[in-house]
Amino acid sequence: MKVDWLIVGAGFTGAVLAERIASQLGQKVLVVDRRNHIGGNAYDFYDEHGVLVHKYGPHIFHTNSCKVWDYLSQFTEWRPYYHRVLASVEGKLVPVPFNLNSLYALFPPKYAERLEEKLIRTYGFGVKVPILKMKETDDVEMRFLADYIYRNIFYGYTLKQWGLKPEELDPSVTGRVPVYISRDDRYFQDTYQAMPKHGYTVMFQRILAHKNIKVLLNTDYREIAGEVYFNRMIYTGPIDEFFGFTKGSLPYRSLRFEFLHLSEEWHQNVGTLNYPNEYDFTRITEFKRLSGQVCPGTTLVVEYPEAYDPVVNEPYYPVPREENQSLYRLYKELAQKELEGRVIFAGRLGDYRYYNMDQAVARALTIFSEIGGR
Ligand SMILES: Cc1cc2nc3c(=O)[nH]c(=O)nc-3n(C[C@H](O)[C@H](O)[C@H](O)COP(=O)(O)OP(=O)(O)OC[C@H]3O[C@@H](n4cnc5c(N)ncnc54)[C@H](O)[C@@H]3O)c2cc1C
């Protein structure tokens, strides 16, 4: 077989690039994925009870990018959806990111009122203050509040999620966790927040439905290396694996998902409940809250973070530590030296960087403009 492009991976990065190259440059693309489905980690399907679920954990679409929104809107209609998350803290459910409503959920009204007034006076209304910055305050009550949030909402969750203490992670991660001085309980504040009306997989089917695109599933690209002739390659798999781990393995955090079906119509009041301090799972998500699906029964997913082992589970989150970035840079240099630009590495695994879905799409659109598209 002869094609212009071989694209490894049918997730957001690979699918968007395939679509752009096929439809805008008129070139032939072969997309291969070693999984038995398209969509990468955003893949969804109807479980045996008829509930639309996400195989690799809950995926909620949100973006501030008009370009990304307009691009994806060619392939899906949307269902507006504002994700809400509550954390279980000392037997109470409080909105996260921590905000002014969380104060009232946790503390007696008079005390919550005093803290609210102080927060607004110090930082202003509608402002997101990084928790580590708030911890620097001289005010005793505010310091108490910052320590309380850090200890009860942030610390335990981070420890479970990463298997590391917050101080062992890159400060860019810990520094980002905000206290939101607002009454806005939405988990995201992006301009566009919605779920693909018929699910992610249907959207991917439409993205890839071009006559210049051929998709091969259950296929590792190495299996077809000798049989397919291509001019250029885009690789969205793990960059360390591409080079046979010659410089060492890039660390990832993995997850185990436990799906539960209950015969009740709804199980929880919001999309996701976080458990920072109890149990060994981090969160429970109810899919019908995300999809708005009307059907009997409900399906939940419980997430158990665990160490990554290539034989047992999937590489989900690149571990944000400087030493891992240094190792990644060695692979980047190797790619430049040995391949001289003939292979483009991209996406969550190729760039060894956590991307939200919209960031993966934006990166794919940028790469497309760099290879000669508009
Ligand atoms: C648990 C979890 C929850 C998330 N929730 C959200 C969310 O709510 N909102 C959000 O915006 N983002 C979320 N994300 C991020 C989202 O999953 C990513 O942005 C997206 O998956 C990136 O797409 P990608 O194409 O770069 O990678 P992927 O989706 O991982 O696609 C890469 C594909 O390459 C294939 N592949 C790898 N190696 C080979 C090989 N050798 N041969 C053939 N195929 C290969 C893989 O099988 C895979 O299908 C979440 C991620 C996780 C892990």
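From a predicted model like this one, the values you see are computed outputs, not experimental measurements. (Residues numbered from 1 in each chain as written. Predicted model: local features only at pLDDT ≥ 70, side-chain atom pairs only at ≥ 80, totals over all residues. Heavy atoms only, no water.)

Novice: Mind showing me how you'd approach the domain arrangement of the chain here?
Specialist: Interfaces are often described in size by the accessible area the parts lose on coming together. When its domains are assigned, the chain resolves into domain 1 (2-38 + 208-249 + 319-372) and domain 2 (85-180). One C-alpha centre belongs to domain 1, the other to domain 2; they are set 39 Å apart. The interface of domain 1 with domain 2 comprises four residues on the first partner and six residues on the second. For the pair domain 1 and domain 2, the two sides together bury roughly 420 Å², of which 67% comes from carbon and sulfur. It is V319, P320 and R321 in domain 1 that bury the most area against domain 2; as a group they hold 91% of the surface buried on that side. Taken together, the connections running from domain 1 to domain 2 amount to zero salt bridges. (Domains from an automatic or database assignment. Contact = heavy atoms within 4.5 Å. Buried area = accessible area lost by both parts, 1.4 Å probe. Salt bridge = Lys/Arg side-chain N within 4 Å of Asp/Glu carboxyl O.)

Novice: Can you help me understand the pairing of strand 16 (residues 283-286) in this one?
Specialist: The two faces of the sheet receive side chains in turn, since in a regular strand these alternate between them. Of the two faces of strand 16, the one lined by R283 and T285 and the one lined by I284 and E286 are each fully buried. Sheet analysis places strand 15 (residues 272-274) next to strand 16, joined by three bridges and oriented antiparallel. Bridged to T272 within strand 16 is T285. Bridge analysis of strand 16 against strand 17 (residues 298-307) gives four bridges, and the strand direction is antiparallel. Bridge pairing in strand 17 places R283 opposite E303. (Buried < 20%, exposed > 50% of the residue type's maximum accessible area, 1.4 Å probe, protein only. Helix = DSSP H or I, 4+ residues; strand = E, 2+ residues; numbered from the N terminus. Pairing = 2+ DSSP bridges.)

Novice: Can you walk me through the packing of helix 4 (residues 109-123) against helix 6 (residues 140-162) in this structure?
Specialist: The contact between helix 4 and helix 6 brings their axes to 10 Å, and the two run at 100°. Classified by the angle between their axes, helix 4 and helix 6 sit roughly perpendicular to one another. Where helix 4 abuts helix 6, its residues Y111, R114, L115, K118, L119, T122 and Y123 lie against E141, M142, F144 and L145. When the residues that make up the contact of helix 4 with helix 6 are grouped by side-chain class, the tally is seven nonpolar, one polar and three charged. (Axes fitted to C-alpha atoms, helices over the stretch in contact; angles between N-to-C directions. Parallel < 35°, antiparallel > 145°, perpendicular 65-115°, else oblique. Nonpolar A, V, L, I, M, F, W, Y, C, P; charged D, E, K, R; others polar.)

Novice: Help me understand the layout of surface pockets, please; the structure alone is not making it clear to me.
Specialist: By rolling a water-sized probe across the atoms, one finds the places where empty space is left. The computed volume of the second largest pocket comes to approximately 210 Å³. K332, A335, Q336, G341, V343, I344, F345, R363, I367, E370 and I371 together form the lining of the second largest pocket. Of all the elements in the fold, those that place two or more residues in the lining of the second largest pocket are helix 11 (322-339), strand 19 (343-345) and helix 13 (357-370). A breakdown of the residues in the lining of the second largest pocket according to their chemical character gives six nonpolar, two polar and three charged. (1 Å grid on protein atoms, 1.4 Å probe; cavity = no way out; pocket = protein on both sides within 12 Å on 5 of 7 lines; lining within 4 Å. Points joined across faces, edges and corners; volume = space filled by probe spheres on them.)

Novice: What is the right way to look at the environment of T236 in this model?
Specialist: Inspection of the secondary structure assignment puts T236 in the loop between strand 13 (229-235) and helix 9 (239-242). Separated by 227 residues in sequence, T236 and G9 place their C-alpha atoms 5.5 Å apart. Excluding residues that lie within four positions of it along the chain, T236 makes contacts with V8, G9, T13, G14, A346, L349 and G350.

Novice: Where do I start with the sheet that holds strand 13 in this structure?
Specialist: Adjacent strands of a sheet pair through backbone hydrogen bonds, lying either parallel or antiparallel. Pairing is parallel across the open sheet formed by five strands, whose spatial order is 12-2-1-13-19. Each edge of the sheet is formed by a strand with only one pairing partner; in this case those strands are strand 12 (213-216) and strand 19. For this sheet, the mean inter-axis angle between neighbouring strands, taken without regard to orientation, is 20°. In terms of strand pairing, strand 2 (residues 29-32) meets strand 12 through four bridges, oriented parallel. Within the sheet, the bridge partner assigned to V32 lies in strand 12 and is L216.

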